[in-house]
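Survey of secondary and tertiary structure
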Amino acid sequence: MLSILVCHSYFLRFDQKQQERAKPYPPLATLQVAARLRQSGHRISFFDAMLAEGTAEYARLLHETAPQVVLLYEDNFNFLSKMCLSKMRGACCEMIEAAQRRGARVIVAGPDATDAPEPYLRSGANVVLLGEGLETLLTLISRLDDDPGCDTERLVEGASGLASLTADLQVRTARTVGAPRSLQHVAPAAWDLVDMERYRGIWRNAHGFFSLNMAASKGCPFRCAWCAKPIWGNQYLQRPAAEVAAEMAYLKRTYAPDHIWFADDIFGFRADWVTEFAHAVRSCGGAVPFTIQIRADLLSERMAGALREAGCHEAWIGAESGSQRVLDAMNKGTKVTEILTARARLKSAGIRVGFFIQLGYLGEDLTDLLATRELLALARPDDVGVSVSYPLPGTRFYEVVKEQLHGKTHWRESDDLEMMFEGTYTSEFYRAFRDLLHAQVDLEQRWSGLLSRESQYRTASERYRWRTSS
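What you are looking at is a predicted structure, and each value in this text was computed from that prediction instead of being measured. (Residues numbered from 1 in each chain as written. Predicted model: local features only at pLDDT ≥ 70, side-chain atom pairs only at ≥ 80, totals over all residues. Heavy atoms only, no water.)

Comments concerning the packing of aromatic side chains
In this structure the tally under the stated criterion is 24 aromatic pairs. Here the aromatic rings of Phe 429 and Tyr 430 are separated by 5.6 Å at their centres, their planes lie at 85 degrees, and the arrangement is edge-to-face. On the basis of relative accessibility, which here comes to 0%, the residue Tyr 430 falls in the buried class. An aromatic cluster is defined as three or more aromatic residues linked by ring pairs; in this entry it consists of Phe 262, Phe 267, Trp 273, Phe 277 and Phe 290. Of note, Arg 295 hangs over the ring of Phe 222, and the distance from its end group to the ring centre comes to 3.7 Å. (Phe/Tyr/Trp six-rings, centres within 6.5 Å; stacked < 30°, edge-to-face > 60°. Buried < 20%, exposed > 50% of the residue type's maximum accessible area, 1.4 Å probe, protein only. Lys NZ or Arg CZ within 6 Å of the ring centre and 35° of its normal.)

Next comes the structure, spelled out in structure tokens:
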């Protein structure tokens, strides 16, 4: 059996905005792969970049464990891995080089590596997996187990779903293997490899509660023009509701989280699945308040009721814009009226609502921006996340603007908010407008809180007057 160092390259410390938010989650997809390799009998060590001080910690573990294989497998459930900040790509390439110097075989997988394998291969990776790459990974690991000294040519011979360098150092890409057709019996993540108490401490110190992450599905079948899908394509694969409930119950018993973040692109999708999940989680005593992402056009009254029954605490909707013209240009497939209706239904169900807003899409003008501001005034979401349009390889949006990128293909940090193409306004303008939207939502929440307290005061005063006059 092989000794394998499983790791990823998302360092919270390298992203100031996310470090200040202090909401780190263990790398779910990375831990799932580690569990699968361990089940096959391999000796697994783990480096968690999320809470590491820097690549020096990785280098020390590399020296201590002397692995035969280093697997840099990014967390596909982390949207910042899909975006791939330039600091993280640089860190990954540095980690590859260190592993090569130690004589380890290096396999890399992740959204950015799938889109652009060459930088990783030039840094010394033997193989880059394309897409999720699980079956290809198992094939390669089996070959290395049989012949640890085999060269890269023999390692990749006849295999698909990967990229490597040829003998004359040209990038060779094999056809991507088909994506899985179901998610029956997903192996539990190797949570024991994580320093859970350190995560708990960060959450408790910053927010007063502890949150862990799960995923009930993979992928999204909708076709927004700006959304990249290098890992799962346009399919949506959903786990059995009872299996998800059992995992939640396990996390509750073992690690006692106060909250769960479901990292799915779309949680539940169908109200009957959510209802089944609610019943299953109650039956096994695993209920934990949770937060999800969901589309506005999926939020029927039945869905809102099912989410409430399941214990949903908060739902984030990809509203994107208050302008129907912009939503249509994005091929979003939703209506502004559906966003408002979804917000009202969730509020009636007692579920907090956050809106994701995207500024600067192609052709957006001041009228569209003011429509977005009006949407927030009408809907009064409890929270808002604002970004600017980010061209990701493999999207229709990217193909339209790629000639305008001029070498700027990644943000350095997630708070960069820099326009990488020729938008209607400047990056400074959009940053200022972002701040305006945040201030608007914050003011609405403060005002609502004052009105609520005033109503409570009036009710108490009226009750007092009734008692004293009786």
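Describing the pairing of strand 15 (residues 383-388)
The side-chain alternation of strand 15 yields one buried face, formed by Val 384, Val 386 and Val 388, and one unburied face, formed by Asp 383, Gly 385 and Ser 387. Pairing between strand 14 (residues 352-359) and strand 15: six bridges, direction parallel. Across the sheet, Gly 354 pairs through a bridge with Asp 383, a residue of strand 15. Between the parallel elements strand 14 and strand 15, the chain passes through helix 16 (residues 366-379) in a crossover that is right-handed. (Helix = DSSP H or I, 4+ residues; strand = E, 2+ residues; numbered from the N terminus. Pairing = 2+ DSSP bridges. Right-handed = clockwise from strand over helix to strand, strands pointing away.)

Quick notes on the pairing of strand 12 (residues 290-294)
Summarising burial for strand 12: five of the five residues are buried, a large majority. Where burial is concerned, the two faces of strand 12 agree: the one with Phe 290, Ile 292 and Ile 294 and the one with Thr 291 and Gln 293 are both buried. Here strand 11 (residues 259-262) runs beside strand 12; their pairing, made up of two bridges, is parallel. Bridge assignment links Trp 261 to a residue of strand 12, and that residue is Thr 291. Running through helix 12 (residues 271-283), the crossover from strand 11 to the neighbouring parallel element strand 12 is right-handed.

Some details on the packing of helix 3 (residues 55-65) against helix 5 (residues 86-101)
Packing of helix 3 against helix 5 brings their axes to within 10 Å, and their N-to-C directions diverge by 25 degrees. By the angle between their axes, helix 3 is roughly parallel relative to helix 5. Along this stretch, helix 3 crosses helix 5, giving a crossing that reads as right-handed. On helix 5, the residues touching Thr 55, Tyr 58 and Leu 62 of helix 3 are Ala 91, Glu 94, Met 95, Ala 98 and Ala 99. Partitioned by chemical class, the residues of the contact of helix 3 with helix 5 number six nonpolar, one polar and one charged. (Axes fitted to C-alpha atoms, helices over the stretch in contact; angles between N-to-C directions. Parallel < 35°, antiparallel > 145°, perpendicular 65-115°, else oblique. Left-handed = near helix turned anticlockwise from the far one by under 90°. Contact = heavy atoms within 4.5 Å. Nonpolar A, V, L, I, M, F, W, Y, C, P; charged D, E, K, R; others polar.)

Let's talk about the sheet that holds strand 4 (residues 105-109)
Note: strands within a sheet are paired through backbone hydrogen bonds, in either parallel or antiparallel orientation. If you walk across this open sheet you meet the seven strands as 2-1-3-4-5-6-7, and the pairing is mixed. Since the sheet does not close on itself, it has two edges, and those belong to strand 2 (43-47) and strand 7 (171-173), each with one partner. Averaged over all neighbouring strand pairs, the angle between strand axes comes to 20 degrees, with direction disregarded. Here strand 6 (residues 162-165) pairs with strand 7 via three bridges, running antiparallel. Within strand 7, the residue paired with Ser 164 across the bridge is Arg 172. Across the sheet, helix 5 lies against strand 1 (3-7), strand 2, strand 3 (69-73) and strand 4, angled at about 160 degrees from strand 4, the strand it touches most.

Side note on unusual backbone geometry
Even without being a glycine, Ala 66 presents a positive backbone phi close to 45 degrees. Structurally, the position occupied by Ala 66 is in the loop between helix 3 and strand 3. On the basis of relative accessible area, Ala 66 is assigned to the partly exposed category, the value being 46%. Despite not being glycine, Ala 256 has its phi angle at roughly 50 degrees, a positive value.

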